[in-house]
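Working through the structure, step by step
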Amino acid sequence: VRSCFVMADAAHADNKESASASIARLSEDKKVTVKLRAVGGDTPILKRKKFKVKGSHQFSHIVVFLRKSLKIKQTDSLFLYCGQAFSPSPEEIIGDLFNCFQLNNELEVSYCTTNCWG
């Protein structure tokens, strides 16, 4: 978010830091829509597929939520993919992933119990 911030007026250059801090606070409080999609034949399906999550949370928040909701043990495999392309690290910030990979104002996360896309 900070990299997208552009100061339009040079007279406000003194306030750049405070404006950036305000934008950062707004983005931390912003909730994003996450759409969870089961892929693979034996993957359990959630009854509700869309959830609101704070953008400041780490991606591991989604992993923990899915394991709990689907009653998948820590020892069992669970693979999550963003945009059916890559598996984000647990430390990634959900808001950052949303800003880069949103589609129809949603972050689509596919999940499965077997490795689907390598």
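Look above for the structure.
A few points on the structure.

**Some words on unusual backbone geometry**
In this structure, Lys71 is a non-glycine residue whose phi angle is positive, near 55 degrees. For Asn104, which is not a glycine, the phi torsion comes out positive at approximately 55 degrees. Topologically, Asn104 is positioned in the loop between helix H3 (94-101) and strand S4 (107-112).

**Description of the nonpolar core**
Val34, Leu36, Ile62, Leu66, Leu80 and Tyr111 are the most contacted members of the largest nonpolar core, which totals 20 residues. Contributions of two or more residues to this core are made by strand S1 (31-38), strand S2 (50-54), helix H2 (60-70), strand S3 (79-82), H3 and S4.

**Side note on a positive patch on the surface**
A surface patch of positive charge is lined by Lys30, Lys31, Lys52 and Lys54. The residue Lys52 is located in strand S2 in this model. Given the relative accessible area of 55%, Lys52 is considered exposed.

**Topic: the side chain of Thr113**
With respect to the secondary-structure elements, Thr113 resides in the segment after S4. Within the structure, the side chain of Thr113 is placed 3.3 Å from the side chain of Asp42, a separation counted as a polar contact.

**A look at the pattern of salt bridges**
By the definition in use, this model includes two salt bridges. Two residues, Arg37 and Glu108, come together in a salt bridge whose shortest N-O distance is 3.2 Å. Highlighted residues: Arg37 in strand S1 and Glu108 in strand S4, separated in sequence by 71 residues. Relative accessible area serves as the criterion here: at 22%, Glu108 is assigned to the partly exposed category.

**Re the packing of aromatic side chains**
In total, this model carries two aromatic pairs according to the counting rule given. Summarising the aromatic geometry, the rings of Phe86 and Phe101 are spaced 5.1 Å apart at their centres and angled 50 degrees between planes, so their arrangement reads as tilted. Of this pair, Phe86 sits in the loop between S3 and H3 while Phe101 is found in helix H3, placing the two residues 15 residues apart along the sequence. The exposure class assigned to Phe86 is partly exposed, which follows from its relative accessible area of 29%. Among the residues examined, Phe101 registers a relative accessible area of 39% and is labelled partly exposed.

Rules used in this analysis
- Residues numbered from 1 in each chain as written.
- Predicted model: local features only at pLDDT ≥ 70, side-chain atom pairs only at ≥ 80, totals over all residues.
- Heavy atoms only, no water.
- Helix = DSSP H or I, 4+ residues; strand = E, 2+ residues; numbered from the N terminus.
- Core = buried A, V, L, I, M, F, W, Y, C linked by side-chain atoms within 4.5 Å.
- Buried < 20%, exposed > 50% of the residue type's maximum accessible area, 1.4 Å probe, protein only.
- Patch = residues over 30% accessible without salt bridge, like charges linked within 9 Å, V, L, I, M, F, W, Y side chains within 5 Å.
- Areas by Shrake-Rupley, 256 points an atom, 1.4 Å probe, with all protein chains shown as cover.
- Salt bridge = Lys/Arg side-chain N within 4 Å of Asp/Glu carboxyl O.
- Lys, Arg positive; Asp, Glu negative; His and termini not counted.
- Charge placed at Lys NZ, Arg CZ, Asp CG, Glu CD.
- Polar contact = N/O pair within 3.5 Å; in protein donor to acceptor, adjacent residues only side chain to side chain.
- Phe/Tyr/Trp six-rings, centres within 6.5 Å; stacked < 30°, edge-to-face > 60°.

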